[in-house]
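Analysis of the macromolecular model
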Amino acid sequence: MKAIQVHEHGDIDVLKLEEISDLQPGDEQVVVSIKAAGVNPVDTYIRAGINNYSALFPHCPGKDAAGTVLKVGKEVTRVKAGDRVYCAGNLTGASAEQTLCNENQVQPLPDNISFEQGACIGVPYTTAWRALFIRAHAMPAETVLIHGASGGVGLAAVQLAKAAGLRVIGTASTDVGRDLVLANGAHHALDHNDPEHLQEVIALTGGQGVNLILEMLANVNLGHDLSALAKEGRVVVIGSRGPVEINPRDTMARDAAILGMALANATPAELRRIHASIVAGLENGSLNPVVNKSFPLAQMGLAHEAVLEPGACGNIVVTV
């Protein structure tokens, strides 16, 4: 089979399309024939060996994919050959014609969701669900501010929060991004490059502030976010690219909480809850993954560049 292989950390030129052996499942494993694979910022960090990420070589990038089950181990009961599935994690990498998964890493992909959309589910939707409902305990009627709402995780959070009965304020840096945020269910979309946007957030909440903030770039925004929180408000830090200075009194005055969130910390029980909810949302139409750009597998380098471009509007995928 064909697969992207990385033999050393580096720029996109270390991504090589190579021929490797077909995969065989163990007793509790599944081989998926990949139709599309998701590309997330973390994939580029692992490839480059930055932000405390590294890889064992040879390395095949990617955690998310969608396709059909090709082979199953003798103890697998949840799926069978031919089933449409999305992969939320895998053992061998997603940037290939096949990937090997543990049985609990594959989930049913409803017929109304394309393979390209299915490749956008794993990291973005799992991250957004865990941030909203496990770390922050988001509740109906609360107001959430989603910074960077036009990206993959941001749009997933908009859809999930709207479906759960929250009032949603999203930010994006372009008119196209803000239109996309509104089209996916946000009640308001603001320009996070406008230095007055947090004052507008406070005005939209009648001066009370928001109950919850999902923060994708904490090193830039966290020190300012705290002033936009309501009493007992929570900020969930999903992404950061460096240190930041805050005034702790902004948390004290509000009994506010700053919560870190790393998807790698999710427990098996949490993941079962998360994916049961995601699959239900896909089936009933409240969740609808957005594909921004699609590249063929041989152009994985372009996909790695695209996922880091500013002004994200949806997800980046490669097709196999």
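Attention in this report is confined to the structure presented alongside it.

1. What to know about the overall build of the chain
- Check the secondary structure of the chain and you find ten helices and 15 strands.
- Taking 2.2 N^0.38 as the reference for a compact globule, 320 residues should give roughly 20 Å; the C-alpha atoms of the chain span a radius of gyration of 20 Å, in line with that estimate.
- Overall, the C-alpha framework of the chain stretches about 60 × 40 × 35 Å when taken along its three principal axes.
- A buried classification covers 52% of the 320 residues belonging to the chain.
- Counted over contacts in the chain with a minimum sequence separation of 6, partners at least 24 positions apart contribute 65%.
- Across the chain, 23 positive and 33 negative side-chain charges occur, with their mean positions spaced 5 Å apart.

2. Notes on unusual backbone geometry
- In the segment running from F57 into P58, the intervening peptide bond is cis, with an omega of -5 degrees.
- Positionally, P58 belongs in the loop between α1 (41-48) and β4 (64-72).
- With a phi angle near 70 degrees, N52 is a residue other than glycine that sits in the positive phi range.
- Mapped onto the secondary structure, N52 falls in the loop between α1 and β4.
- According to the relative accessible area criterion, N52 is exposed, its value standing at 85%.
- Backbone geometry at E232 places phi at a positive 60 degrees, although glycine is not the residue there.
- Considering the arrangement of structural elements, one finds E232 in strand β12 (residues 229-237).

3. A short note on the layout of surface pockets
- The computed volume of the second largest pocket comes to approximately 170 Å³.
- Considering the residues around the second largest pocket, the lining is formed by H147, H192, P195, H197, L198, Q199, V220, N221, H224 and S227.
- Elements with a minimum of two residues in the lining of the second largest pocket: α6 (197-204) and α7 (218-225).

4. Thoughts on the pattern of salt bridges
- Taken as a whole, this structure holds ten salt bridges when the rule is applied.
- Between D250 and R254 there is a salt bridge, with its nearest N and O atoms 4.0 Å apart.
- The structure contains a network of salt bridges with shared partners spanning D175, R178 and D191.

5. Structural notes on the sheet that holds strand β9 (residues 167-172)
- Ordered in space as β10-β9-β8-β11-β12-β13, the six strands form an open sheet in which the pairing is parallel. Of all strands in the sheet, those bounded by a partner on one side alone are β10 (188-191) and β13 (257-260). If you compare each strand with its neighbour and ignore which way they point, the axes differ by 20 degrees on average.
- Two elements, strand β11 (residues 210-215) and β12, share five bridges in a ladder whose sense is parallel. Across the sheet, E215 pairs through a bridge with V237, a residue of β12.
- This element, α6, spans β8 (143-146), β9, β10 and β11 of the sheet and lies at about 160 degrees to β10.

6. So, a nonpolar patch on the surface
- On the surface, V244, I246 and I258 cluster together into a nonpolar patch covering about 190 Å² of accessible area.
- Structurally, the position occupied by I246 is in the loop between β12 and α8 (249-252).
- Assessed through its relative accessible area of 31%, I246 is described here as partly exposed.

7. With respect to the pairing of strand β15 (residues 315-319)
- Among the five residues of β15, four are classified as buried, and the element is accordingly described as predominantly covered.
- Judged from the four bridges that link them, strand β3 (residues 29-39) and β15 form a sheet pairing that is antiparallel. Bridge pairing in β15 links A36 to T319.
- In the sheet, strand β14 (residues 291-296) pairs with β15 via five bridges, with the strands oriented parallel. The residue bridging F295 from the neighbouring strand is V318, located in β15.

8. Here's the deal with empty space enclosed by the protein
- Applying the stated criterion across every chain yields a total of one cavity of 30 Å³ or more.
- Reported here for the largest cavity is a volume of approximately 40 Å³.
- Along the walls of the largest cavity sit G38, V39, N40, D64, A119, C120, P124, N315, I316 and V317, which together make up its complete lining.
- Secondary structure elements with two or more residues in the lining of the largest cavity: β3 and β15.
- Per-element accounting of the lining of the largest cavity gives the leading share, three residues, to β15.
- Taken together, the residues of the lining of the largest cavity break down into six nonpolar, three polar and one charged.

9. Re the packing of aromatic side chains
- For the structure shown, the criterion picks out two aromatic pairs.
- In this arrangement the basic side chain of R84 is found over the ring face of F115, its NZ or CZ atom lying 4.5 Å from the centre.

Rules behind the numbers
- Residues numbered from 1 in each chain as written.
- Predicted model: local features only at pLDDT ≥ 70, side-chain atom pairs only at ≥ 80, totals over all residues.
- Heavy atoms only, no water.
- Helix = DSSP H or I, 4+ residues; strand = E, 2+ residues; numbered from the N terminus.
- Rg over C-alpha atoms; globule rule 2.2 N^0.38 Å.
- Buried < 20%, exposed > 50% of the residue type's maximum accessible area, 1.4 Å probe, protein only.
- Contact = heavy atoms within 4.5 Å.
- Lys, Arg positive; Asp, Glu negative; His and termini not counted.
- Charge placed at Lys NZ, Arg CZ, Asp CG, Glu CD.
- 1 Å grid on protein atoms, 1.4 Å probe; cavity = no way out; pocket = protein on both sides within 12 Å on 5 of 7 lines; lining within 4 Å.
- Points joined across faces, edges and corners; volume = space filled by probe spheres on them.
- Salt bridge = Lys/Arg side-chain N within 4 Å of Asp/Glu carboxyl O.
- Pairing = 2+ DSSP bridges.
- Axes fitted to C-alpha atoms, helices over the stretch in contact; angles between N-to-C directions.
- Patch = residues over 30% accessible without salt bridge, like charges linked within 9 Å, V, L, I, M, F, W, Y side chains within 5 Å.
- Areas by Shrake-Rupley, 256 points an atom, 1.4 Å probe, with all protein chains shown as cover.
- Nonpolar A, V, L, I, M, F, W, Y, C, P; charged D, E, K, R; others polar.
- Phe/Tyr/Trp six-rings, centres within 6.5 Å; stacked < 30°, edge-to-face > 60°.
- Lys NZ or Arg CZ within 6 Å of the ring centre and 35° of its normal.

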